Amino acid sequence: EVNTLVGDDAAMESIARRFQDSISVEKPHKFWETQPVGQFKDIGDTSLPEGPIEAATPLSEVKQEPYNLPAAYEWTTCDMKSDYVCSEVYNLLRNNYVEDDENMFRFNYSKEFLTWALRPPGYYPSWHIGVRAKTSKKLVAFISGVPARIRVRDDVVKMAEINFLCVHKKLRSKRLAPVMIKEVTRRVHLENIWQAAYTAGVVLPTPVATCQYWHRTLNPKKLIDVGFSRLGARMTMSRTIKLYKLQDAPVTPGFRKMEPCDVPAVTRLLRSYLSQFLVATDFDENDVEHWLLPREDVVDSYLVESPETHDVTDFCSFYTLPSTILGNPNYTTLKAAYSYYNVATKTTFLQLMNDALIVAKQKGFDVFNALDVMHNESFLKELKFGPGDGQLHYYLYNYRLRSALKPSELGLVLL
Ligand code: MYA
């Protein structure tokens, strides 16, 4: 009898999870061991230099033909300007993309969101890569990249942000993912870009940072009904509703929605804020216009314009990412807002983010999520966010850091 010593369920679960994490660090990664990424065996070796792991090669040496797929499948470049193709990608992800550990929820990125996420300034259509079944032409897998400038310490590096890797549930564990990753890598190399950034819930060689999601309940009754959260010990529903109650309208004077004319001021504010983090996005005005101007049901941005000086002093933003609720008779969708980039210079972070919660509640979100990146720790507990159970690992491809970063050293949010 080994396991009778631990009586508490939560403690058991956390031990099981840590045990699994330690296994995943030991188990071989037949694919990732062949890639220019930090390897587990090198953790703690501070003699290795920071920067690119492999040098760029002349473009003429980049493989010109796509990688081979199993005979029944073919590559397709997904034209995200086509409403039909966009719907195909949307449906693949809606039915097969990321689920929580208990398979209760699955991300349901909207079509408008995908258009936004995949067509930023300077995007490459060739980086929107699908796999189709040859006979039916059905889309069965997808992976995407978009270009970004990411600063690592003092170097601004052109990178690809890789996202939406998805293989149809019926085609899992057939080593399709490594072929897709190699193919996107090839197409990124063809644009003379040699580094990438990505996030995943799974542990791979080797995270540059491991972050945690925190959740702020906005609609307690629904979150409890659908099993997202549980009624706390010694809590009733009415006490819980009262605990999470917010004011009806934002309280900061000058708090308003961001508009096109604010792009220069917001860019200045954001660039100055992000300069303090070790790894951060390098936003210019074009990026801010694309990534931060409000788009209905996709991204929301608010700022504080000083009533006296008319300076923009504070900024907050969040994106809309609903999840499908799997197998609940009463509800089909969980409406979640995800904290994006926030800057506070005059207003306190606490008051700024409290106003963000208020507008999110007004807009009908059930929950407001945030990672512990940047200065988010400074408001999470006080604003009644609770820690989630999943972790999000950040990775760089072909770029080594001497040691892992703290979440608070990251100024980067991927969608
Ligand atoms: S993260 C979101 C990933 N998507 C999902 O979780 C959706 C649901 N799951 C699936 O669709 C499948 O399970 C996926 C794997 C497609 C994830 N990132 O084909 P397999 C490795 C990287 O037999 P499947 C996001 O989108 C795994 O360790 N590698 O497995 C960012 C193993 O390798 P190794 C992953 O389950 C993506 C191999 O794949 C991931 O059928 C960033 C097994 O392949 C993962 N999330 O399919 C991609 N999951 O043996 C990297 C598993 O070595 C980009 N694996 O352990 C790298 C930069 C490229 C550009 C570089 C430019 C210079």
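Here's a quick rundown of the structure. Along each chain, residues carry numbers from 1 onward, in the same order as the chain's sequence is written. Where local features are concerned, this predicted model is filtered to residues with pLDDT of at least 70; where side-chain atom pairs are given and counted, the filter is 80 or more; whole-chain, interface and lining totals use all residues. Heavy atoms from the whole structure form the basis of all side-chain values; hydrogens and water molecules are not counted.

Right, let's get into the packing of helix H7 (residues 263-274) against helix H8 (residues 285-292). Here an axis means a line fitted to C-alpha atoms, over the contact stretch when the element is a helix, while the angle between two N-to-C directions is reported on a 0 to 180 degree scale. In this description a helix means any DSSP run of H or I spanning at least four residues, a strand means any run of E spanning at least two, and both kinds are numbered starting from the N terminus. With their axes 9 Å apart at the nearest point, H7 and H8 run at an angle of 100 degrees to one another. Considering the angle they form, H7 stands roughly perpendicular to H8. Each of Val263, Pro264, Val266, Thr267 and Leu270 in H7 lies in contact with H8, whose residues at this interface are Glu285, Val288, Glu289 and Leu292. Charged means Asp, Glu, Lys or Arg here, nonpolar means Ala, Val, Leu, Ile, Met, Phe, Trp, Tyr, Cys or Pro, and polar covers whatever is left, Gly included. Taken together, the residues of the contact of H7 with H8 break down into six nonpolar, one polar and two charged. When describing relative orientation, an angle under 35 degrees is termed roughly parallel and one over 145 degrees roughly antiparallel, while 65 to 115 degrees is termed roughly perpendicular and anything else oblique. Any pair of residues with heavy atoms lying within 4.5 Å of one another is described as a contacting pair.

The next subject is the pairing of strand S11 (residues 312-320). A regular strand carries its side chains on alternate faces of the sheet. Only protein chains enter the accessibility calculation, which uses a 1.4 Å probe; a residue whose area is less than 20% of its type maximum is buried, one above 50% is exposed, and one in between is partly exposed. When you tally the buried positions in S11, you get nine out of nine residues, the bulk of the element. Strands are labelled as partners when DSSP assigns at least two bridges between them. The pairing of strand S10 (residues 299-305) with S11 spans seven bridges and is classified as antiparallel. Following the sheet pairing, Asp300 is matched in S11 by Phe318. Taking the residues that link successive antiparallel strands as the turn, the S10-S11 hairpin has six residues, and the phi of His310 there is positive, at about 65 degrees. In this sheet, strand S15 (residues 343-344) lies alongside S11 in antiparallel orientation, the contact comprising two bridges. The partner of Asp314 across the bridge, within S15, is Ala344. As paired elements, S11 and strand S14 (residues 336-339) share three bridges and run antiparallel to each other. Paired with Thr320 across the two strands is Ala337, which belongs to S14.

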